[in-house]
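Structure at a glance
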Amino acid sequence: MNNPYLEKYKEQQLRVCQLKQLSILEEIQRICQKHHIDYWLDGGTLLGAVRHGGFIPWDDDIDIAMRQEDMDRFISIAPAELREGLFLQTPQNVPQSKEPIVKVRDLNSFYVEGSDNFAADYQKGLYVDIFPMINYPSAPRKLVKHVTLGISKSYSILHKAHYYSLRSFAEFFWFGAKYLLCKFLWRIICAVRPMDAYISNILINNGYGIMHRQDSVFPLGTITFEGKTFRAPANPDAYLTEIYRNYLEIPPKEKQKIHSVFIMPELIHGQENIQD
């Protein structure tokens, strides 16, 4: 049920939220530049940079991508490098979140998504999403989409909260078998097809079967986002077309929705850091 007061409150908080997320992105960029780690703007953030010169006006998150090997380096380096008040969340150090995504979160904020589980003990501050990218085989796109959809959907169902029932029991075996079968098919495809032409998100995050040509990503270029310069794919047009098709088309008003359920950009006003 729509609450007009809550919607108005989120609209009032949105710009503060965006600017705080921008500061997280700048911190990530600082670390990446210092340690020669490649990253690039991804998804709606890249779309916003191209179409709006910054955030999509109703967007309340930031997406970036890294090659898997670069993300592994970032994960090993970032905890000691991030400024106080920021926290690196990974599927390994926070398995309670059930999200297979790396995030850099701001602890002095509160951000609620529809998928958040308040019974689970994990941070819920503003964040920047970091997606790991891996090489993909040169295979028919329909086949890739079929396999990645099977893997991502099965993974999602197997890792969501379950209640004891005959349905959940059946789902466990059905989607468990489907996950293993699709993974097996993927290994075969990767073994028999060249792996140097395409790159995309890890399989559990790629239900749409998106495949970017390597030469549309590398060598990385730069783009202006909110008046600042960040790394971007070599060919943003090809990259965004692969994700959104007609990405320059503005969606209708009813689809211009803030993603979050609730935003509080700052918990302790005027105080960035709190000592334990």
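As a starting point, this report considers the structure included with it. (Residues numbered from 1 in each chain as written. Predicted model: local features only at pLDDT ≥ 70, side-chain atom pairs only at ≥ 80, totals over all residues. Heavy atoms only, no water.)

1. Some thoughts on the overall build of the protein chain
Of regular secondary structure, the protein chain possesses 7 helices and 11 strands. Against the globule reference of 19 Å for 276 residues, the protein chain gives a C-alpha radius of gyration of 19 Å, in line with a compact fold. For the protein chain, the residues scored as buried account for 47% of the 276 residues in total. Put simply, of all contacts in the protein chain between residues at least 6 apart along the chain, 70% involve residues at least 24 apart. Carbon and sulfur atoms form 57% of the exposed surface of the protein chain, whose accessible area is close to 14,800 Å². With 31 positive and 32 negative side-chain charges, the protein chain shows a spacing of 7 Å between the two charge centroids. (Helix = DSSP H or I, 4+ residues; strand = E, 2+ residues; numbered from the N terminus. Rg over C-alpha atoms; globule rule 2.2 N^0.38 Å. Buried < 20%, exposed > 50% of the residue type's maximum accessible area, 1.4 Å probe, protein only. Contact = heavy atoms within 4.5 Å. Areas by Shrake-Rupley, 256 points an atom, 1.4 Å probe, with all protein chains shown as cover. Lys, Arg positive; Asp, Glu negative; His and termini not counted. Charge placed at Lys NZ, Arg CZ, Asp CG, Glu CD.)

2. Topic: the environment of H269
For H269, the location among the structural elements is in the segment after β11 (262-264). A C-alpha to C-alpha distance of 41 Å links H269 and F218, two positions 51 residues apart in sequence.

3. Some points on the packing of aromatic side chains
Enumeration according to the criterion identifies 9 aromatic pairs in this entry. Ring pairing ties together the aromatic residues Y9, F110 and F262, which thus form one cluster. One Lys or Arg, K103, reaches over the ring of Y127 and ends 3.5 Å from the middle of that ring. Over the aromatic face of Y198 sits the side chain of R213, whose NZ or CZ is 5.8 Å from the ring centroid. (Phe/Tyr/Trp six-rings, centres within 6.5 Å; stacked < 30°, edge-to-face > 60°. Lys NZ or Arg CZ within 6 Å of the ring centre and 35° of its normal.)

4. So, the packing of helix α1 (residues 4-35) against helix α3 (residues 68-81)
Closest axis-to-axis distance for the α1/α3 pair is 11 Å, and the angle between their directions is 115°. In terms of crossing hand, the pair formed by α1 and α3 is right-handed. Touching E27, I28, R30, I31, C32, K34 and H35 of α1 are R73, F74, I77 and E81, all from α3. Grouping the amino acids of the contact of α1 with α3 by side-chain chemistry returns 5 nonpolar, 1 polar and 5 charged. (Axes fitted to C-alpha atoms, helices over the stretch in contact; angles between N-to-C directions. Left-handed = near helix turned anticlockwise from the far one by under 90°. Nonpolar A, V, L, I, M, F, W, Y, C, P; charged D, E, K, R; others polar.)

5. Considerations on the state of the cysteines
If you walk through the whole model with that rule in mind, you get 0 disulfides. The cysteine C182 is free of any disulfide, with C190 supplying the nearest cysteine sulfur at 13 Å. (Disulfide = S-S within 2.5 Å.)

6. A closer look at helix α2 (residues 43-52)
Since the α-helix packs 3.6 residues into each turn, any two residues three or four apart lie on the same face. Of all the 10 residues making up α2, 8 are buried; the element is thus mostly covered by neighbouring parts of the structure. Among all positions of α2, only G43, G44, T45, L46, L47, G48, A49 and R51 are buried.

7. Remarks on the nonpolar core
Within soluble globular proteins, side chains that are nonpolar tend to cluster in buried spots. Of all hydrophobic cores here, the largest spans 43 residues; its most connected members are I28, I64, M66 and F74. By residue number, the principal contributor to this core is α1, which donates 6 residues. Ignoring any residue separated from it by four or fewer positions in sequence, one finds F74 in contact with I28, I31, C32, I37, M66, P79, L88, V104 and I130. Judged by nonpolar contacts, the second largest core, of 15 residues, contains Y136, V147, A197 and L203. (Core = buried A, V, L, I, M, F, W, Y, C linked by side-chain atoms within 4.5 Å.)

8. Describing the environment of K142
Within the secondary structure layout, K142 lies in helix α4 (residues 141-159). A residue is classified by how much of its surface remains accessible, and K142, at 77% relative accessible area, is exposed. For the pair K142 and G209, spaced 67 residues apart in the sequence, the C-alpha separation amounts to 8.0 Å.

9. Side note on the environment of C32
Relative to the helices and strands, C32 is located in helix α1. Once residues within four sequence positions are removed from consideration, C32 is found in contact with I37, Y39, M66 and F74.

10. Overview of unusual backbone geometry
A cis geometry characterises the amide bond from F218 onward to P219, with omega recorded as 0°. Residue placement: P219 occurs in the loop between α6 (214-217) and β9 (221-225). In this structure, E226 takes a positive phi of about 55° despite not being glycine. Mapped onto the fold, E226 is located in the loop between β9 and β10 (228-232). Even without being glycine, R245 reaches a positive phi, approximately 65°. Mapped onto the secondary structure, R245 falls in the loop between α7 (236-244) and β11.

11. Quick look at α7
Listed as buried for α7 are Y239, L240 and E242. When α7 is viewed along its axis, its buried side chains cluster within an angular range of 155° and face the same direction. Buried residues along α7 sit against β1 (40-41), α2, β6 (127-136), α4, β8 (212-213) and α6. Count one or two residues on from α7 and you reach R245, which has phi positive near 65°. (Arc of directions from axis to C-beta.)

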